[in-house]
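Summary of structural features
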Amino acid sequence: MKYDVVIAGSGLGGLLCGTILGKEGYRVCVVEKNPKIGGCLQSMYRDGCVFNTGVHYMGGLDEGQILHRYFKYFGLLGKIDICRLDDTGFEVISFDSGKEYRIGMGKNFVDSLAGYFPKERHALEQYAAKLREVCHVQPLYALNDSLHGAVLDKPYLGVSAEKYVHALTNNELLQKVLFGNDLMYGGISDKTSLLLYALINHSFMEGAWRMAGDSEQISEALAANILASGGHILCNRSVEHFRMEKEKITAAVLHTGEEVEGSQFISDLHPQNLLPMIESGYLKKSYAKKIETLQNTSGMFVLHVALKDQGFQYFNYNRYHYSSGQSWPQKFMMIPVGTENNGYSKGVTLMALIDYSEVKQWEGTKVEHRGADYLEFKSRKTTQMLDAVEHIIPGFRQTIVNWHASTPLSYRDYTGTPGGSAYGVLKDCNKPLSTMVFPRTRIPNLLLTGQNVYFHGVLGVSIGAVATCGELLGMKHLIHKIRD
């Protein structure tokens, strides 16, 4: 059977493209190497808790806001279990000194921080206005087809978020607070652009929600959309290479020897993993070199902690903590699992950046087969993480039933991301165009999607998927469909 579109990879980007094109009458086939679809949408069930591996909270989900409008178009509303975070403090930034700063949503944003920094109210008002301005000149955020540019207002790609904030206020503590959540988007002080920073933070400030249930609800709903439109999803099928004829791809050749023929092809794979699948000569050497030399964001050490019944009080926000010492972790994130259970939490997820060099010695191994020294390494890191939590929440260890740790190697094996990078390609504001991956390739019937195209995160991947499909359907056409 020949399909209109063959999509390699069933991460969020691939499933969104399948949904969009299926709605438009295209016959789609999604090919996934793993037994389960979803990539980092996958969840794990441990000790009576559901732990989400990649999607923890999302912004812009209040009615009428950008992600709400996208989710409505994707057919997700009413099919996923989500809960809204605390208006008066959806994020809390804390320090070893005991000081903590609650960041409010919407109209509460300026007031919440001005309460701690009264002399900075004007700067905070300017900050909120600038983030809104940056977002609302982006056509696929504003859903305004009259704005120039297909997807991005490029000048903001070359503006450093750090330099902008530091020029706005010289209050070093406020600067730290405004960058306190950078673990959630892989922010790097001298490289993160104002555009990426604004898209993420403005959407959170508007309306932040977390998954109340497992994030696999998203992949299941999108898969149902694809199947309902006549499409197919093939799991346990790895794309080995693409068959080429007359400058175009004609089929995806699978590890089983099967060939999936199509008219158009979309790759939801990391572009560095895609390159070996395309016969030499079909992509410009300069383009291939660019992809090969792209730097990736860091990976995470993640600790999923199951808690005793009524042992740890639930909090309806996400906590980011700065440690004052030199030992790891210098900063970590703490997220309650799901919703409250009679005022208590069933579990929490703890996350901190970790350098790939720390796990490189086991990169030739597979999940559950890395050896005793790897288990000892995870145990040691777990102790360090729990020590950091215990410092600010004395007695936390006594509430633990069990814990489950993962490293960048785990993420690499489940998502195929090189080095277990949490957010894929690092977009550098100092080299904005050379570090940005766009949907089009030199091969006329091959497009790219996923977190490496434009931006990561649920909103970034949604924008990227619409941009990818816009290459086939027309951007104005899609903007009208989503908006109206």
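As a reminder, the structure under discussion sits directly above these lines.
Below is a summary of the structure that appears in this document. None of the values given here were measured: they were computed from a predicted structure.

What counts, and where the lines are drawn
Residues numbered from 1 in each chain as written. Predicted model: local features only at pLDDT ≥ 70, side-chain atom pairs only at ≥ 80, totals over all residues. Heavy atoms only, no water. Phe/Tyr/Trp six-rings, centres within 6.5 Å; stacked < 30°, edge-to-face > 60°. Helix = DSSP H or I, 4+ residues; strand = E, 2+ residues; numbered from the N terminus. Buried < 20%, exposed > 50% of the residue type's maximum accessible area, 1.4 Å probe, protein only. Lys NZ or Arg CZ within 6 Å of the ring centre and 35° of its normal. Axes fitted to C-alpha atoms, helices over the stretch in contact; angles between N-to-C directions. Parallel < 35°, antiparallel > 145°, perpendicular 65-115°, else oblique. Left-handed = near helix turned anticlockwise from the far one by under 90°. Contact = heavy atoms within 4.5 Å. Nonpolar A, V, L, I, M, F, W, Y, C, P; charged D, E, K, R; others polar. Salt bridge = Lys/Arg side-chain N within 4 Å of Asp/Glu carboxyl O. Disulfide = S-S within 2.5 Å. Polar contact = N/O pair within 3.5 Å; in protein donor to acceptor, adjacent residues only side chain to side chain. Pairing = 2+ DSSP bridges.

1. Looking at the packing of aromatic side chains
Evaluated as defined, the whole model comprises 19 aromatic pairs. Where Phe95 meets Tyr322, the ring centres are 4.9 Å apart and the plane angle is 0°; that geometry is what we call stacked. Taken together, the positions of Phe95 in strand S7 (residues 91–95) and Tyr322 in strand S15 (residues 318–322) put the pair 227 residues apart, joining distant regions of the chain. Looking at Phe95, the relative accessible area reads 12%, which means it is buried. Relative accessible area serves as the criterion here: at 13%, Tyr322 is assigned to the buried category. The cationic tip of Lys381 hangs over the ring face of Trp328; the distance from NZ or CZ to the ring centre is 4.3 Å.

2. A short note on the environment of Val466
Note on placement: Val466 falls in helix H14 (residues 457–473). Taking the C-alpha atoms as reference points, Val466 and Asn201, 265 residues apart in sequence, are found 21 Å from one another.

3. What to know about the packing of helix H1 (residues 12–23) against H14
Close contact between H1 and H14 brings their axes to 9 Å; oriented N to C, the two are set at 45°. In terms of orientation, H1 and H14 fall into the oblique class. The handedness of the crossing between H1 and H14 is right-handed. Residues Leu12, Gly13, Leu16, Cys17, Ile20 and Leu21 of H1 form the contact with H14, whose participating residues are Val458, Val461, Ser462, Ala465, Val466, Thr468, Cys469, Leu472 and Leu473. Classifying every residue of the contact of H1 with H14 gives twelve nonpolar, three polar and no charged.

4. Observations regarding the pattern of salt bridges
Within this structure, the stated rule accounts for 21 salt bridges. A network of salt bridges, in which partner residues are shared, links Arg243, Glu245, Glu259 and Glu261.

5. A word on the state of the cysteines
Counting across every chain of the model gives zero disulfides. Cysteine Cys40 is unpaired, with the sulfur of Cys17 as its nearest cysteine sulfur at 15 Å. What makes Cys40 partly exposed here is its relative accessible area of 26%. Not part of a disulfide, Cys49 finds its nearest cysteine sulfur in Cys83, a span of 15 Å. By relative accessible area, which is 4% here, Cys49 ends up buried.

6. A few points about the side chain of Gln451
Note on placement: Gln451 falls in the loop between strand S19 (446–448) and H14. In this structure Gln451 touches Thr417, Ser421, Ala422, Tyr423, Gly424, Lys427, His456 and Val461, once residues within four positions along its chain are discounted.

7. Some thoughts on the side chain of Ser94
Relative to the assigned elements, Ser94 resides in strand S7. Among the polar contacts made by the side chain of Ser94, one reaches the side chain of Arg319 at a distance of 3.1 Å. A polar contact is formed between the side chain of Ser94 and the side chain of His321, at a distance of 2.7 Å.

8. Quick word on the pairing of strand S11 (residues 239–245)
In terms of strand pairing, S11 meets strand S12 (residues 248–254) through six bridges, oriented antiparallel. Note on S12: the bridge partner recorded for Val239 is Leu254. Between the antiparallel neighbours S11 and S12 lie two residues, among them Lys246 with a positive phi of about 50°.

9. Concerning the sheet that holds strand S14 (residues 299–307)
In spatial order, the strands read S8-S7-S15-S16-S17-S14-S18; together these seven strands make up an open sheet with mixed pairing. Of all the strands in the sheet, the pair left with one neighbour each is strand S8 (100–103) and strand S18 (400–406). For this sheet, the mean inter-axis angle between neighbouring strands, taken without regard to orientation, is 20°.

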